[in-house]
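Structure at a glance
Spelled out, the chains give:
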Amino acid sequence: MMRRDELHINVPNPFRCPISMDVMRSPVSLSTGVTYDRSSIQHWLDAGHDTCPATMQILQSKDFVPNLNLRRLINLWAQSHGPISPASSPTLSDQQLRGLVQYLANENEKFNQNLFNSLSKMVDFAKSKDENRRFLANFNGFVPAVVGVLNREGVEIEVLELVMRLLDLISSQNGVVEQLHQLITKSNRNCLSSIQLVLQSGSLSSKIESARVLGSIALDAYSKRLIAEKEGLLTVLNDLLTSETDRSLHDVVFSCLVSLSVTRSVKSELVRFGLVQFITETLSNPDVSASLAEKAMKLLSKIATCAEGRSEISGEPKCVAAVAERLMKGSMAATEDGVAVLWSVCCMLGDKRARECVGKSNGVAKILLVMQSGYCEGHFMRRMCGDLMKVLSVGLGMGLSYDTMTKHIMPC
């Protein structure tokens, strides 16, 4: 386990309470010799604990005595250093984190100022640098303790927002996503209810963080179904697209929905939400980022694999036109998704209106360009393009052989 006794900051570690991590105003010592701020340890003991938060030793007595020497040192330090600088890097020792993990594990804690302050300090610590995030992620019991707060009922939204921010900050660390997947999907589902609450009622940044974490834990078929079948969750995600205007939020919600769109029932529900129309508006907007457009195209390609999705896409002429227009204008992955959408409505569904729309959008030339993009003979993308050229040539009365035309196509 990493060792991080102290970072370069203005406040000496011994002056901070192991629970709240604030400078102690009234330091008191337990029988174990560990010193805490009076209000923090009193709250811990009032909650029914009979252990020292830092050492986990059973307390022979719950009495504590004022640590006058430490209080004198803190006062001298405060007089010579003044207020703590906001720019100071936060610090966290092994002992402090051990106490905090135990504090978070107390299932009676739902909302109080100490819990809120402790999580706030943890977030500040994690935001400071990647080294801090590694320290937290690798600390034994930390991730389960944080997730445990999500699994409680009646936790205030302010606390849940801090938990989601903290999980989002450390989710990129090695092994954290796997832990989150295991802990959240194996819980009694209240974790998902807590995440759903933040998605509904949290701040914009909290919604983005929650959607990102939710998408990251959809690692296998079981977890994807579990999340998608959570009552009301898909509705909440759809509402974030249609009622919020922030494109960063749209980006992460699209990613999340792509991960969850593995069953026909999920895809059909997204169609019923009217998501095809929203995706059409996104793809038709020249000002959206390449990332957002590509994720919208990926989600559309998922929806196009179900009959309801193909029918809805073909009935939305602007959608087919927007897809054809986007071909060869983004990454190769986005172009492949676009070809898959066009193949679904023009070949599988055989919709004449869709074929005409592709023709009017210069789609024939672009599909031929895709065929020239280095795909080997027999590659599924080359076969899709070939199928499209056949139906488009016949449907548009071109009477041309796509095999003999490819060498004449220039980039458009």
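Residues numbered from 1 in each chain as written. Predicted model: local features only at pLDDT ≥ 70, side-chain atom pairs only at ≥ 80, totals over all residues. Heavy atoms only, no water.

**What about the overall build of the protein?**
To keep it simple, the criterion reads: Comment: elements are numbered from the N terminus, with helices defined as DSSP H or I runs of at least four residues and strands as E runs of at least two. We call a residue buried when its accessible area falls under 20% of the maximum for its residue type, exposed when it is over 50%, and partly exposed in between, using a 1.4 Å probe and counting protein chains only. Residue contacts are counted whenever heavy atoms from the two residues lie within 4.5 Å of one another. In these tables, accessible area is a Shrake-Rupley quantity obtained with a 1.4 Å probe, and a residue counts as shielded only by the protein chains included in the view.
What the protein contains, in helices and strands, is 23 helices and 3 strands. Sorting the 412 residues of the protein into buried and exposed places 52% on the buried side. At a minimum sequence separation of 6, the contacts of the protein that also span at least 24 residues come to 68%. Accessible surface, the protein: about 18,400 Å² in total, of which carbon and sulfur atoms supply 49%.

**Thoughts on the pattern of salt bridges**
Stated precisely, the cut-off is as follows: Definition used for salt bridges: Asp or Glu carboxyl oxygen within 4 Å of a side-chain nitrogen of Lys or Arg.
Evaluation of the coordinates by the stated rule reveals 13 salt bridges. Residue Lys 329 is joined to Glu 325 by a salt bridge in which the shortest nitrogen-to-oxygen separation is 2.4 Å. In this structure Glu 325 comes out as partly exposed when scored by relative accessible area, which is 38%. A salt bridge links Lys 366 to Glu 325; the nearest nitrogen and oxygen atoms lie 4.0 Å apart. Of this pair, Lys 366 sits in helix 21 (residues 363-371) while Glu 325 sits in helix 18 (residues 317-326), and the two are 41 residues apart along the sequence.

**Points about the packing of aromatic side chains**
Defined as follows: Between the rings of Phe, Tyr and Trp (Trp by its six-membered ring), a pair exists once the centres lie within 6.5 Å; its type follows the angle of the planes, with under 30 degrees stacked, over 60 edge-to-face, and the other angles tilted.
Throughout the structure, instances matching the rule amount to 5 aromatic pairs. A ring pair is formed by Phe 135 and Phe 139, whose centres lie 6.1 Å apart and whose planes are at 75 degrees; its orientation type is edge-to-face. Neither Phe 135 nor Phe 139 differs from the other in exposure class; each is buried. Through successive ring pairs, a cluster of aromatic residues spans Phe 125, Phe 135 and Phe 139.

**Describing helix 21**
Burial analysis of helix 21 places 9 of its 9 residues in the buried class, the great majority of the element. Looking only at helix 21, the buried set comprises Gly 363, Val 364, Ala 365, Lys 366, Ile 367, Leu 368, Leu 369, Val 370 and Met 371.

**So, the packing of helix 13 (residues 247-260) against helix 15 (residues 275-284)**
The criterion, for reference: To get an axis, a line is fitted to the C-alpha atoms, and for a helix only the part in contact is used. The angle between two axes follows their N-to-C directions and goes from 0 to 180 degrees. Roughly parallel means an angle under 35 degrees; roughly antiparallel means over 145; roughly perpendicular covers 65 to 115; every other angle is labelled oblique. Crossings are classed by handedness, with left-handed meaning an anticlockwise turn of the near helix from the far one by less than a right angle and right-handed meaning a clockwise turn. When residues are sorted by character, Ala, Val, Leu, Ile, Met, Phe, Trp, Tyr, Cys and Pro go into the nonpolar class, Asp, Glu, Lys and Arg into the charged class, and all the rest, Gly among them, into the polar class.
At a minimum axis separation of 14 Å, helix 13 and helix 15 run at an interaxial angle of 130 degrees. As summarised for this structure, helix 13 and helix 15 are arranged oblique, according to the angle between their axes. The handedness of the crossing between helix 13 and helix 15 is left-handed. Touching His 250, Phe 254 and Leu 257 of helix 13 are Leu 275, Phe 278, Ile 279 and Thr 282, all from helix 15. For the contact of helix 13 with helix 15, the class distribution of residues is 5 nonpolar, 2 polar and no charged.

**What to know about unusual backbone geometry**
The phi angle at Met 328 is positive, at roughly 65 degrees, despite the residue not being glycine. Take Met 328: its relative accessible area is 34%, and that puts it in the partly exposed class. At Asn 362, a position not held by glycine, the phi torsion is positive, near 60 degrees. Within the secondary structure, Asn 362 sits in the loop between helix 20 (352-360) and helix 21. Judged by relative accessible area, which is 39%, Asn 362 ranks as partly exposed.

**Regarding the sheet that holds strand 2 (residues 35-37)**
Quick reminder of the rule: The rule for pairing is simple: two strands pair if DSSP sees at least two bridges between them.
An order of 2-1-3 is seen for the 3 strands of this open sheet, with the pairing classed as antiparallel. In this open sheet, the two edge strands, each paired with only one partner strand, are strand 2 and strand 3 (65-66). With 2 bridges connecting them, strand 1 (residues 27-29) and strand 3 associate as antiparallel partners. Bridging across to strand 3, Val 28 finds its partner in Pro 66. The strands touched by helix 1 (residues 38-46) are strand 1, strand 2 and strand 3; relative to strand 2, the strand with the most contacts, the crossing angle is about 95 degrees.

**Regarding the nonpolar core**
Put simply, the test is: Only buried Ala, Val, Leu, Ile, Met, Phe, Trp, Tyr and Cys residues count toward a nonpolar core, and they belong to the same one when joined by side-chain atoms within 4.5 Å.
In this structure, Leu 97, Leu 136, Phe 142, Leu 214 and Leu 237 are the most contacted members of the largest nonpolar core, which totals 129 residues. If sequence neighbours within four positions are ignored, Leu 237 has contacts with Leu 199, Leu 214, Val 253, Cys 256, Leu 257 and Leu 260.

**A short note on the environment of Val 198**
Summarising the element assignment, Val 198 is placed in helix 9 (residues 190-201). Put simply, Val 198 and Leu 160 are 38 residues apart on the chain and 6.9 Å apart in space, counted from C-alpha to C-alpha.

**Focus on the confidence of the model for the protein**
So the rule is basically this: The predictor reports its confidence for every residue as pLDDT, a score running from 0 up to 100.
Of all residues in the protein, 89% have pLDDT values of 70 or greater, and the mean over the chain is 85. Across the protein, helix 15 holds the top mean pLDDT of 96, while helix 23 (residues 402-405) sits lowest at 40. Note on residues 1-9: pLDDT is under 50 here. Beyond four places in sequence and across chains, it has 29 contacts. Confidence drops under pLDDT 50 across residues 399-412; counting only partners more than four residues distant or on other chains, this segment forms 21 contacts.

**Describing helix 12 (residues 233-243)**
In an α-helix there are 3.6 residues to a turn, and that puts residues three or four apart on one side. Within the span of helix 12, buried status applies to Leu 233, Leu 234, Val 236, Leu 237, Asn 238, Leu 240 and Leu 241. For helix 12, the secondary structure elements touched by its buried residues are helix 9, helix 10 (204-216), helix 11 (221-228), helix 13, helix 14 (264-272) and helix 15.

**Focus: the environment of Gly 309**
Structurally, Gly 309 is set in helix 17 (residues 307-314). For the pair Gly 309 and Val 271, spaced 38 residues apart in sequence, the C-alpha separation works out to 6.1 Å. In this structure Gly 309 touches Val 271 and Ile 303, once residues within four positions along its chain are discounted.

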